[in-house]
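# Summary of structural features
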Amino acid sequence: MTCVFVYGTLKRGQPISRMLDPTNGRAFFCGRGSTIDKYPLVIAGHGNIPFLLNIPGHGHHIQGEVYFVDGQMLAFLDQFECVPDMYQRMLVKLKVEEWVDGTGCGQTPGSTMEAFVYSTTTYQPDWVNLQTYKSYDSYGGHGLAYTNHL
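One structure accompanies this document, and this report is about it. (Residues numbered from 1 in each chain as written. Predicted model: local features only at pLDDT ≥ 70, side-chain atom pairs only at ≥ 80, totals over all residues. Heavy atoms only, no water.)

With that out of the way, let us pick up the pattern of salt bridges. One pass over the structure, following the stated rule, counts four salt bridges. When the shortest N-O distance is used, the salt bridge between R32 and E65 registers 3.1 Å. Remark: E65 occurs in strand β5 (residues 60-69) and R32 occurs in strand β2 (residues 27-39); sequence separation between them is 33 residues. Judged by its relative accessible area of 30%, R32 is partly exposed. Taking relative accessible area as the criterion, E65 reaches 2% and is therefore assigned buried. Three or more residues are tied together by salt bridges with common partners; here these are R12, R32, E65 and E98. (Salt bridge = Lys/Arg side-chain N within 4 Å of Asp/Glu carboxyl O. Helix = DSSP H or I, 4+ residues; strand = E, 2+ residues; numbered from the N terminus. Buried < 20%, exposed > 50% of the residue type's maximum accessible area, 1.4 Å probe, protein only.)

Below, the discussion takes up unusual backbone geometry. Where the residue is not glycine, phi is negative for most of them; where a peptide bond is considered, it is trans in most cases. Each neighbour pair has its own omega, and for V83 with P84 the value is 5 degrees, a cis peptide bond. By the secondary structure assignment, P84 is in the loop between α1 (71-80) and β6 (88-99). A positive phi angle, near 55 degrees, is found at N48, a position not held by glycine.

Counted under the stated rule, the structure contains five aromatic pairs. A ring pair is formed by F68 and W99, whose centres lie 6.3 Å apart and whose planes are at 75 degrees; its orientation type is edge-to-face. In this pair, F68 is assigned in strand β5 and W99 in strand β6, connecting sequence segments 31 residues apart. Each member of the pair, F68 as well as W99, carries the same accessibility label: buried. For the pair F76 and F80, a centre-to-centre distance of 5.9 Å together with 15 degrees between the ring planes defines the contact as stacked. Taken together, the residues F76 and F80, both in helix α1 and four residues apart, mark about one turn of the helix. (Phe/Tyr/Trp six-rings, centres within 6.5 Å; stacked < 30°, edge-to-face > 60°.)

As a further point, take the environment of Q124. Relative to the helices and strands, Q124 resides in the segment after β7 (112-119). Linking Q124 and A44, residues 80 residues apart in sequence, is a C-alpha distance of 9.2 Å.

By the element assignment, D70 lies in the loop between β5 and α1. R26 provides the closest opposite charge to the buried, salt-bridge-free D70, at an N-O distance of 4.7 Å. If we skip the residues at most four places from it in the chain, D70 touches M1, G25 and R26. (Lys, Arg positive; Asp, Glu negative; His and termini not counted. Contact = heavy atoms within 4.5 Å.)

The subject of this paragraph is the nonpolar core. In this structure, F5, Y7, F51 and V66 are the most contacted members of the largest nonpolar core, which totals 45 residues. Where this core is concerned, the elements lending two or more residues are β1 (2-6), β2, β3 (41-44), β4 (49-52), β5, α1, β6 and β7. Residues contacting Y7, with those up to four places away along its chain left out, are L41, P50, F51, L52, I62, Q63, G64, Y87, V117, Y118 and Y136. (Core = buried A, V, L, I, M, F, W, Y, C linked by side-chain atoms within 4.5 Å.)

Just distances and angles here, no functional claims.
Shown next, in the form of structure tokens:
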């Protein structure tokens, strides 16, 4: 099993969280965390898509959810996230904020861990000037609701 950190539309209650459905592989919600390093999280492009720009040290400590996924789900997510053209999968260090008992990982709030995240180095140059967020919610007050392009 592999740890994956999601910060956008794949989080529970967000527009495409259904992609973590068992038909695509196994994914277990483990808890919530935030990145140790700061990153710019922007909403951009056709469909108001959340992008984590791979510019460490800028932006915010990004809040999101941690999942354990199997190989089938990881392969599905790589394809779904258009790796390596749109997003690139990279390891990030996280601070655990909440952990579900029984996940088998032994994490506790305040501990640190590593997980894969889908970030991008292939962004438009003007995206570095967009407003950044520490947490994404498609239904938030930013007025940039995700437009389902699936």
